[in-house]
Amino acid sequence: LKEKAKPFVHPTAKIHPSAVIEGDVYIDEGTQVLPHAVINGPAYIGKNCEIRYGSIIRGGSMGDRCVIGAHSEIKGTVLHSDVWTHGTYLGDSVVGNNVSFGTGTVTANLRLDEGHVHSHVGGQKMSTNRIKFGTAVGNDVRVGMKVGINPGVKIGSNSMVSSGVLVTEDISNNSYVVMKAGHMVARPNTTPVPSVDIRDQFKGEMKS
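Residues numbered from 1 in each chain as written. Predicted model: local features only at pLDDT ≥ 70, side-chain atom pairs only at ≥ 80, totals over all residues. Heavy atoms only, no water.

**Student:** Break down the overall build of the protein chain for me, citing the residues and quoting the values.
**Tutor:** When its secondary structure is counted, the protein chain shows one helix and 25 strands. Here the C-alpha atoms of the protein chain give a radius of gyration of 17 Å, agreeing with the 17 Å that 2.2 N^0.38 yields for 208 residues. Considering only C-alpha atoms, the protein chain reaches an extent of 50 × 45 × 25 Å along its principal axes. In the protein chain, buried positions account for 42% of the 208 residues. The contacts of the protein chain with a sequence gap of at least 6 include a subset with a gap of at least 24, amounting to 22%. Put simply, the protein chain shows about 10600 Å² of open surface, and 54% of that area lies on carbon and sulfur atoms. In the protein chain, 21 positive and 18 negative side-chain charges are present, and the distance between their average locations comes to 3 Å. (Helix = DSSP H or I, 4+ residues; strand = E, 2+ residues; numbered from the N terminus. Rg over C-alpha atoms; globule rule 2.2 N^0.38 Å. Buried < 20%, exposed > 50% of the residue type's maximum accessible area, 1.4 Å probe, protein only. Contact = heavy atoms within 4.5 Å. Areas by Shrake-Rupley, 256 points an atom, 1.4 Å probe, with all protein chains shown as cover. Lys, Arg positive; Asp, Glu negative; His and termini not counted. Charge placed at Lys NZ, Arg CZ, Asp CG, Glu CD.)

Take a look at the structure:
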């Protein structure tokens, strides 16, 4: 981004006068930046996104049709397309397509001892060689409200994480995760994750 990002606002984008755009920020067509939002570059904002009231983006990129809900903070994170946040903090993370985060969900991106964050790959614990790293989330994922995600933990595709879960270890693809007696419990996910088309229909109904 430091090499590729440049200050640009597409003519069809709508930026509220109270929004703050600083540094090298590229805003693509049809995107709306609502009152009191802040975007610090380098950053790329894709097509037809909504950056809602009082939200903060500090570097990173997002694909098309993302909705950054009011009072969310997105720091150094890559979002693919059709990602929704709701009062969410995402730090130093990578998020796939068609993912939704409930209100109050937080990714931790720094260890308490401030050492390198570790993650498991192929069953082996490996260093990311990074002081700050949040999470990696696959495609077609729903995360409920007030979920905490430990540094370096990953969430597989086609999974659902129920509200109030503390995610302390990797979640496999096709999982449904809840908290029981203070522990994270995963089972096979039998609930279809809504597609982008269904989400678009829902969004239209909300506006009607």
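**Student:** Explain the pattern of salt bridges to me, and be specific about the residues and the numbers.
**Tutor:** Two side chains carrying opposite charge are able to pair once their charged atoms lie near each other. This structure, assessed with the given rule, holds seven salt bridges. Glutamate 73 is paired through a salt bridge with arginine 58; the nearest N and O atoms lie 2.8 Å apart. Here glutamate 73, found in strand β10 (residues 73-79), pairs with arginine 58, found in strand β8 (residues 56-62); they are 15 residues apart in sequence, far enough to count as distant. Overall, the relative accessible area of 23% leaves glutamate 73 in the partly exposed class. On the accessibility criterion, arginine 58 (36% relative accessible area) is partly exposed. The closest approach of N and O atoms between aspartate 92 and lysine 75, which form a salt bridge, is 2.9 Å. (Salt bridge = Lys/Arg side-chain N within 4 Å of Asp/Glu carboxyl O.)

**Student:** Which residues make up the environment of alanine 19, and what values go with them?
**Tutor:** The residue alanine 19 is located in the loop between β2 (14-15) and β3 (20-22) in this model. When its relative accessible area of 14% is taken as the criterion, alanine 19 is described as buried. For the pair alanine 19 and serine 55, spaced 36 residues apart in sequence, the C-alpha to C-alpha distance is 9.7 Å. Residue contacts for alanine 19: discarding those within four places in its chain leaves Val33, Leu34, His36 and Ala37.

**Student:** Give a detailed account of the pairing of strand β16 (residues 118-121), specifying residues and quantitative values.
**Tutor:** As paired elements, β16 and strand β17 (residues 124-127) share four bridges and run antiparallel to each other. Its bridge partner being in β17, serine 119 is matched across the sheet by methionine 126. If you look at the hairpin formed by β16 and β17, you'll find two residues sitting between the two strands, and glycine 122 has a positive phi there, around 60°. (Pairing = 2+ DSSP bridges.)

**Student:** Outline the packing of aromatic side chains, listing residues and values.
**Tutor:** Within the structure shown, the criterion is met by two aromatic pairs. With a centroid separation of 4.7 Å and 35° between ring planes, the pair formed by phenylalanine 8 and tyrosine 26 is classed as tilted. On the criterion of sequence distance, the pair formed by phenylalanine 8 in strand β1 (residues 8-9) and tyrosine 26 in strand β4 (residues 25-27) is long-range, its members being 18 residues apart. Geometrically, the ring pair formed by tyrosine 26 and tyrosine 44 is tilted, given 5.4 Å between the ring centres and 35° between the ring planes. Of this pair, tyrosine 26 sits in strand β4 while tyrosine 44 sits in strand β6 (residues 38-45), placing them 18 residues apart in sequence. Overall, the relative accessible area of 22% leaves tyrosine 26 in the partly exposed class. Of the residues examined, tyrosine 44 reaches a relative accessible area of 27% and is grouped as partly exposed. (Phe/Tyr/Trp six-rings, centres within 6.5 Å; stacked < 30°, edge-to-face > 60°.)

**Student:** Hey, could you go over unusual backbone geometry for me, with residue numbers and the actual values?
**Tutor:** With an omega of 5°, the peptide bond running from glycine 41 to proline 42 counts as cis. Among the structural elements, proline 42 can be located in strand β6. Its identity as a non-glycine residue notwithstanding, asparagine 48 has a phi of 55°, on the positive side. In this structure, asparagine 48 sits in the loop between β6 and β7 (50-51). Among the residues examined, asparagine 48 registers a relative accessible area of 43% and is labelled partly exposed. Of note, the phi angle at alanine 181 is positive, near 55°, even though the residue is not glycine.

**Student:** Account for the side chain of serine 72, naming residues and giving values.
**Tutor:** With respect to the helices and strands, the residue serine 72 is situated in the loop between β9 (67-68) and β10. There is a polar contact of 3.0 Å between the side chain of serine 72 and the backbone oxygen of glycine 69. Excluding its chain neighbours within four sequence positions, the residues that come into contact with serine 72 are Ser55, Ile56, Thr85, His86, Gly87 and Thr88. (Polar contact = N/O pair within 3.5 Å; in protein donor to acceptor, adjacent residues only side chain to side chain.)

Taken by themselves, the reported measurements are silent on function.
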